[in-house]
Amino acid sequence: MKIAVTSASGKLGASIVKHLIPLIGKNNIIAIARTPQKAEHLGVAIRKGDYNSREDFDTALKGIDAVLLVSGMDAPDKRIVQHRNVIEAAKLNGVKKIVYTSIVGAEKGNAFSPIVQTNRQTEKDIQNSGLEWSIGRNGIYIEPDIEYLDTYIKEGEIRNCAAEGKCTYTSREELGYAYAKMLIEEKHNGKIYNLVGNAITQGELADYLNIVFGTHLIFNNVSVEAYKKERTAALGDFMGTVIAGIYEGIKEGANAVTSDFEIVAGRPHKSTVEMIKAYINFANSI
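Conventions adopted
- Residues numbered from 1 in each chain as written.
- Predicted model: local features only at pLDDT ≥ 70, side-chain atom pairs only at ≥ 80, totals over all residues.
- Heavy atoms only, no water.
- Helix = DSSP H or I, 4+ residues; strand = E, 2+ residues; numbered from the N terminus.
- Rg over C-alpha atoms; globule rule 2.2 N^0.38 Å.
- Buried < 20%, exposed > 50% of the residue type's maximum accessible area, 1.4 Å probe, protein only.
- Contact = heavy atoms within 4.5 Å.
- Areas by Shrake-Rupley, 256 points an atom, 1.4 Å probe, with all protein chains shown as cover.
- Lys, Arg positive; Asp, Glu negative; His and termini not counted.
- Charge placed at Lys NZ, Arg CZ, Asp CG, Glu CD.
- Phe/Tyr/Trp six-rings, centres within 6.5 Å; stacked < 30°, edge-to-face > 60°.
- Lys NZ or Arg CZ within 6 Å of the ring centre and 35° of its normal.
- Expected span 1.5 Å × (residues − 1).

Peer 1: Requested: an account of the overall build of the protein chain, with residues and values cited.
Peer 2: Helix and strand counts for the protein chain come out as 12 helices and 11 strands. Compactness check: the protein chain gives a C-alpha radius of gyration of 19 Å against a globular reference of 19 Å for 286 residues, within 12% of the reference. Principal-axis analysis of the C-alpha atoms gives the protein chain an extent of 55 × 40 × 35 Å. The proportion of buried residues among the 286 residues of the protein chain is 53%. At a minimum sequence separation of 6, the contacts of the protein chain that also span at least 24 residues come to 75%. When the accessible surface of the protein chain is split by element, carbon and sulfur atoms take 50% of a total near 12800 Å². Charge centroids of the protein chain, computed over 34 positive and 34 negative side chains, lie 4 Å from each other.

Peer 1: Any chance you could break down the packing of aromatic side chains for me, citing the residues and the numbers?
Peer 2: Within the structure shown, the criterion is met by 3 aromatic pairs. For the ring pair tyrosine 51 and phenylalanine 57, a centre distance of 5.9 Å and an interplane angle of 20° mean the geometry is stacked. Both residues of the pair, tyrosine 51 and phenylalanine 57, belong to the buried class. Sitting above the plane of the tyrosine 177 ring, arginine 267 keeps its charged end 4.8 Å from the centroid.

Peer 1: Tell me about helix α1 (residues 11–24), and please be specific about residues and values.
Peer 2: Helix length check: α1, at 14 residues, gives a terminal C-alpha distance of 20 Å against a target of 20 Å (1.5 Å per residue), a fit within 8%. Within the span of α1, buried status applies to Leu12, Gly13, Ala14, Ser15, Ile16, Val17, His19, Leu20 and Ile24. Buried residues along α1 sit against β1 (3–5), β2 (29–33), β4 (66–70), β5 (97–103), β6 (132–138) and α7 (172–184). Remark: glycine 25 follows α1 within two positions and exhibits a positive phi of approximately 90°.

Structure representation (structure tokens):
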């Protein structure tokens, strides 16, 4: 069984490849990357694949039995066509199964909703492809909060507009394990799973960071408008608006969904503290 993983030079794609290796062996994995040299550290065969190029994927998916499609990072109006390039190339090459990394979130009502809508459209395209399929809806990654810790410490707080809304954080390591299982186990075919962890508030996130790092962070809630203004000033209109939309969605309960992780992984999702400690151990090992 030959399995291809798209966007393998990215952190999620690399995690999926890493978790596949002990299950099926390096010789049965193809890493697909827009810039192949950025995936060389994975130690598996690499093929070029740019989501904007149908021709790339017509070649990259030759001889492949299953493909993991990592959701693209482009603007909403481009992502549906990019994903279709992979789906159509999979059909052309006789790929039997496609697994897609979608996302949890509200389909309308906040600035993140257009991105959620494009993910839902790709879900429909995959379901209508005639291929076997399995779809995961990812929770919010915990890693950016850990990587932002120095700024939190400098400011003495976590500040956003999520209020008391709960977020089911996950990690790329946990997702990598789950998607490896979804690729190789037929029992997941035809299923959509919420791949998320335990639901926590932003105040609880601050508490958990304090436990692990010995910090004294608090959570400071601000209005959606104020947070959007702050984030767009720091990140630009597109990303700032998206980030504000994510936290508005958390505030409105869009991320407090039931987890299907244990059904997929065969074990409970790691706790927030366990994910933070696992990230530290990984960072210290490289």
